[in-house]
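Results of the structural survey
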Amino acid sequence: MSEVRLLLAVFLAFVRVGALAFGGAYAAIPLVEQEVVVRSGWMTYAEFMDLLALDEITPGPILINSATFVGMKVAGIPGAIAATLGCIVVPCAVAMTLLLIFRKYKDTPVVKTIVLSLKCMALALIASTMVKLGVQAVAPDAPSLDVVYGAYVALVMCGAFYLINQRHLKPLYVMLGCGVVNLVAHLLVF
């Protein structure tokens with residue numbers, strides 16, 4: 001296989017991975033395995049396991065690290081560049097397209113509602129993680145209440161969504177209220 005064809009194959013393999021990598025890096029590991037072990041045969045399973053171990057100890061995003069390491073093994077520095085670019089080209093194109101759509105429609109009520117809801121959900125997830133980690137730091141031997149806690153977080157998110165979208169309360173007040181509810185719930189239950 002000529003060097004240009006090999007670089008193109010590496011690039012396209014990671015374009016497929018990048019295009020289908022929903023759910024984070026750990027969800028994409030089987031896609032990388034399919035491309036580099038099963039489909040192309042660039043690595044053995046043992047080498048792939050070593051790659052995963054190396055990805056875990058190397059700083060940076062796991063998927064980008066995997067692409068760079070595989071590209072380097074297969075075709076040297078040009079392969080590392082091709083694999084890394086292949087891995088990010090589709091997500092970057094999707095992000096840029098969504099940004100253009102957002103800029104065009106950002107003042108519509110539907111988009112404003114979606115963005116506000118996403119902000120509230122992100123805040124609720126961050127706050128719940130912070131509280132959960134705080135509780136674990138204070139009481140590391142406390143029993144796990146993951147199912148109950150998950151239902152509680154979903155209920156708080158739905159309540160925040162309702163208060164902002166139906167009752168038209170200011171998000172700051174809802175966020176502060178969620179913080180108080182979270183604090184009380186964690187003092188009494190979690």
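Presented here is a report on the structure given in the accompanying data block. (Residues numbered from 1 in each chain as written. Predicted model: local features only at pLDDT ≥ 70, side-chain atom pairs only at ≥ 80, totals over all residues. Heavy atoms only, no water.)

Some thoughts on the overall build of the protein
For the protein, the helix and strand inventory stands at seven helices and zero strands. Its helices and strands in sequence order give the protein the pattern α-α-α-α-α-α-α, from N to C terminus. Within the span of the protein, comprising 190 residues, buried residues form 29% of the whole. Taking all contacts inside the protein whose residues are at least 6 apart in sequence as the whole, residues at least 24 apart take part in 55%. (Helix = DSSP H or I, 4+ residues; strand = E, 2+ residues; numbered from the N terminus. Buried < 20%, exposed > 50% of the residue type's maximum accessible area, 1.4 Å probe, protein only. Contact = heavy atoms within 4.5 Å.)

Brief notes about the packing of helix α2 (residues 25-39) against helix α4 (residues 62-105)
Across the interface, α2 lies against α4 with an axial gap of 9 Å and an inter-helix angle of 20°. Looking at the two axes, α2 sits roughly parallel to α4. Relative to α4, α2 is oriented so that their crossing is right-handed. Contact with α2, carried on its side by Ala 25, Tyr 26, Ala 28, Val 32 and Val 36, involves Ile 62, Leu 63, Ser 66 and Val 70 of α4 and no other residues of that element. In terms of residue class, the contact of α2 with α4 is made up of eight nonpolar, one polar and no charged. (Axes fitted to C-alpha atoms, helices over the stretch in contact; angles between N-to-C directions. Parallel < 35°, antiparallel > 145°, perpendicular 65-115°, else oblique. Left-handed = near helix turned anticlockwise from the far one by under 90°. Nonpolar A, V, L, I, M, F, W, Y, C, P; charged D, E, K, R; others polar.)

Some points on empty space enclosed by the protein
Rolling a probe over the atoms, with the probe sized like a water molecule, indicates the empty space that remains. What the rule picks out here adds up to one cavity of 30 Å³ or more. If you add up the space inside the largest cavity, you get close to 30 Å³. Lining the largest cavity, in full, are Ala 25, Ile 29, Val 32, Phe 48, Leu 52, Ile 62, Leu 63 and Ser 66. Secondary-structure elements contributing two or more residues to the lining of the largest cavity are α2, α3 (45-57) and α4. Here the residues of the lining of the largest cavity are counted per class, giving seven nonpolar, one polar and no charged. (1 Å grid on protein atoms, 1.4 Å probe; cavity = no way out; pocket = protein on both sides within 12 Å on 5 of 7 lines; lining within 4 Å. Points joined across faces, edges and corners; volume = space filled by probe spheres on them.)

Points about unusual backbone geometry
The backbone of His 168 shows a phi angle near 55°, a positive value even though the residue is not glycine. In this structure, His 168 sits in the loop between α6 (146-165) and α7 (171-188). A relative accessible area of 61% means that His 168 is categorised as exposed.

Regarding the environment of Gly 18
By secondary structure assignment, the location of Gly 18 is in helix α1 (residues 3-20). You can call Gly 18 buried: its relative accessible area is 9%. Beyond its immediate sequence surroundings of up to four residues, Gly 18 is in contact with Cys 87 and Pro 91.

Quick notes on the packing of α2 against α3
Where α2 contacts α3, the axes come no closer than 11 Å and their chain directions differ by 145°. Here α2 and α3 pass one another in a crossing that is right-handed. Contacts between α2 and α3 pair Tyr 26, Ile 29, Val 32, Glu 33, Val 36, Val 37 and Val 38 from the former with Tyr 45, Phe 48, Leu 52 and Glu 56 from the latter.

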